[in-house]
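So you can see what is in the structure, the chains are spelled out below.
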Amino acid sequence: MFMTALQASAYLHHLHLHSPYPQRLATFYANAMEMTAIPAGDNVWQVRGPSRRLVISRGPAKHLAHAAFAVRDADGLAGLRAYAGSNQLTPQAFDSPLFADGAFSVVDPDGNVVVFGLAKQDAVSADKRLRAPLQHLTLATRKVPAIEDFYAGKLGFGVSDRVLRDDGKVMTCFMRGNHEHHNLACFYQDRQGIDHHSYEAGEWDTLRDWCDGLAAQDIQLMWGPGRHGPGNNLFVFIADPDGNWIEISAELEVIHDRPVKHWPHAERTLNLWGNAIMRA
């Protein structure tokens, strides 16, 4: 578990994405992911749904301004900040309209900004919108071991699974900040930044309903339905107008305590049912 000595846990609360066309991207997410787009400044939008939140502002396409994880309580947040400092990280105060005072940020080896804080009360009701909390972020990186060491070694995320090439090189690492199989992962690629982000539909029937809703908007699936090996979750992928990959997932493995699993770097690991989009 995440920071077991401090009995803290963290879940992915929101992402801040850059886009050359923020309003267009905000409108897409509002429609595709059953959210509401709210102007929040000059070329800044907040897009909110039940347990899913994005901030979108002007900048280069497919660029992550920051990823934000909410921690359970103030003691957990203070303990995490102290733990990060004890591991030679330099937490910086971070001001966010979605977090209470006291949030902090650190910067990973690829320059990605990651924020930890206490979530403010969310006024968005589920009403008739489909379930799909924002659930995980997957990074592209040239240095998987350094990313794993940062998040697992210096911040306390648990390692669930690794994907290994025949020569032993780690190609993918799945990490968790709570009981879910992963809410952060990284894939080896010849670039750095976002690979994809994911929403958890919970059950197969809900994933089906999401696909029906996307089809009604003429949004085509780019991959899936399929089933991942690591995490054992069902999935579909779509792409937003900037080219960001979006996963909608269901039935992700819940982990209470088990050894790290190692998987071969092969298509069947990424998709037990068929073809895979191999990153490297």
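Residues numbered from 1 in each chain as written. Predicted model: local features only at pLDDT ≥ 70, side-chain atom pairs only at ≥ 80, totals over all residues. Heavy atoms only, no water.

### Brief notes about the overall build of the protein chain
Defined as follows: Runs of E in the DSSP output that reach at least two residues are strands. Runs of H or I that reach at least four are helices, and both are numbered from the N terminus. In this treatment the radius of gyration is a C-alpha quantity, and the globule benchmark scales as 2.2 Å times the residue count to the 0.38 power. Categorising residues by exposure relies on relative accessible area from a 1.4 Å probe, with only protein chains included: less than 20% of the type maximum marks a residue as buried, more than 50% marks it as exposed, and the intermediate range marks it as partly exposed. Contacts are assigned to residue pairs that have any heavy atoms within 4.5 Å of one another. None of His or the chain ends enter the tally, which takes Lys and Arg as positive and Asp and Glu as negative. Throughout, a charge is located at the NZ atom of Lys, the CZ atom of Arg, the CG atom of Asp or the CD atom of Glu.
Broken down by element type, the protein chain carries five helices and 17 strands. Its C-alpha atoms give the protein chain a radius of gyration of 18 Å, within 12% of the compact-globule value 19 Å for 280 residues. C-alpha atoms of the protein chain, sized along the principal axes, occupy 50 × 45 × 35 Å. For the protein chain, buried positions account for 55% of its 280 residues. Across the protein chain, the fraction of contacts at a sequence separation of at least 24, relative to all contacts at a separation of at least 6, is 66%. Between the averaged position of the 26 positive side-chain charges in the protein chain and that of its 31 negative side-chain charges there is a distance of 2 Å.

### Here's the deal with helix α2 (residues 74–86)
Given 3.6 residues to a turn, an α-helix orients residues that are three or four positions apart in the same direction. We apply this condition: By this rule the span expected of a helix is its residue count minus one, scaled by 1.5 Å. The arc in question is the one spanned by the directions pointing from the helix axis to the C-beta atoms. Throughout this description, a polar contact denotes any pair of N or O atoms lying within 3.5 Å of each other; where both atoms belong to protein, one of them has to be capable of donating a hydrogen while the other can accept it, and for residues adjacent in sequence the pair is counted only when both atoms sit in side chains.
Across its 13 residues, α2 extends 18 Å between first and last C-alpha, which sits within 8% of the 18 Å expected from 1.5 Å per residue. Within α2 the residues assigned to the buried category are G76, L77, G79, L80 and A84. Seen from one end, α2 has its buried residues packed into an arc of 165°, which puts them on one side. If you follow the buried residues of α2, they end up packed against β5 (63–71), β7 (104–107), β8 (113–117) and α3 (144–154). A side-chain oxygen of the first residue of α2 lies 3.4 Å from the backbone nitrogen of D75; this N-cap is D73. Positive backbone phi, approximately 65°, marks Q88, located one or two places after α2.

### Considering the sheet that holds β8
Sheet strands pair via backbone hydrogen bonds, and the direction of the pair is either parallel or antiparallel. Basically, it comes down to this: Only when DSSP finds a minimum of two bridges between them are two strands counted as paired. Note on method: axes are straight lines fitted to C-alpha atoms, helices fitted across the in-contact stretch only, with angles between N-to-C directions ranging 0 to 180 degrees.
Reading across the sheet, the eight strands line up as β2-β3-β4-β1-β5-β8-β7-β6 and stay open at both edges, with mixed pairing between neighbours. Since the sheet does not close on itself, it has two edges, and those belong to β2 (36–39) and β6 (92–93), each with one partner. Bridging between β6 and β7 involves two bridges; their strand directions are antiparallel. Note on β7: the bridge partner recorded for A93 is F104. Along the sheet, helix α1 (residues 22–32) makes contact with β1 (10–19), β2, β3 (44–49) and β4 (52–58), crossing β4 at roughly 165°.

### Considerations on the confidence of the model for the protein chain
The condition is simple: Each residue carries a pLDDT score, the predictor's own confidence in it, on a scale running from 0 to 100.
The predicted model of the protein chain has a mean per-residue pLDDT of 95, with 97% of residues at 70 or higher. Here residues 1–7 is a poorly scored stretch, pLDDT under 50, and it has 22 contacts once near neighbours within four places are set aside; other chains count.

### Quick word on the packing of aromatic side chains
Quick note on the threshold: Pairs were defined over the aromatic rings of Phe, Tyr and Trp, the Trp ring being its six-membered one, requiring ring centres within 6.5 Å. Orientation was assigned from the angle between planes: stacked under 30 degrees, edge-to-face over 60, tilted for the rest.
In this structure the tally under the stated criterion is 12 aromatic pairs. Look at F28 and Y29: their rings are 5.6 Å apart centre to centre, the planes differ by 90°, and that puts the pair in the edge-to-face class. The pair formed by F28 and Y29 is uniform in burial state, with each residue classed as buried. Look at F69 and F157: their rings are 5.5 Å apart centre to centre, the planes differ by 80°, and that puts the pair in the edge-to-face class. Residue F69 is found in strand β5, and its partner F157 is found in the loop between α3 and β10 (158–164); the two are separated by 88 residues along the sequence.

### Notes on the pattern of salt bridges
Pairing between side chains of opposite charge can happen when the charged atoms of each approach one another. What counts is decided by this rule: The salt bridge definition used is simple: a Lys or Arg side-chain nitrogen within 4 Å of an Asp or Glu carboxyl oxygen.
Counted according to the given criterion, the structure contains 11 salt bridges. Ionic pairing is found between R24 and D242, a salt bridge with its closest N-O pair at 3.0 Å. Residue R24 is located in helix α1, and its partner D242 is located in the loop between β15 (234–239) and β16 (245–250); the two are separated by 218 residues in the primary sequence. Classification of R24 as partly exposed rests on a relative accessible area of 40%.

### Structural notes on the environment of E267
For E267, the location among the structural elements is in helix α5 (residues 267–270). Under the relative-accessibility criterion, E267 is labelled partly exposed at 37%. With sequence-adjacent residues up to four places away left out, E267 is seen in contact with G274, N275, A276 and M278.

### Here we look at the side chain of Q46
Tracing the backbone shows Q46 in strand β3. Side chain to side chain, Q46 and R48 meet in a polar contact 2.6 Å long. Beyond its immediate stretch of four places on either side in the chain, Q46 contacts T36, A37, I38, A40, L54, V55, P97 and L98.

### Section: the nonpolar core
When a protein is soluble and globular, its nonpolar side chains tend to lie buried together. Applicable threshold: Grouping buried Ala, Val, Leu, Ile, Met, Phe, Trp, Tyr and Cys residues that are joined through side-chain atoms within 4.5 Å yields what is termed a nonpolar core.
Judged by nonpolar contacts, the single largest core of 60 residues is most densely connected at Y29, F116, Y151, L155 and M175. The biggest single contributor to this core is α1, with six residues. Counting six residues, the second largest nonpolar core, distinct from the first, contains W223, F237, L270 and A276.

### Points about the environment of L207
Within the secondary structure layout, L207 lies in helix α4 (residues 204–216). In this structure L207 comes out as buried when scored by relative accessible area, which is 1%. For the pair formed by L207 and Q23, sequence separation is 184 residues and the distance between their alpha carbons is 27 Å. Ignoring any residue separated from it by four or fewer positions in sequence, one finds L207 in contact with A201, L234, F235, V236, I248, S249 and A250.

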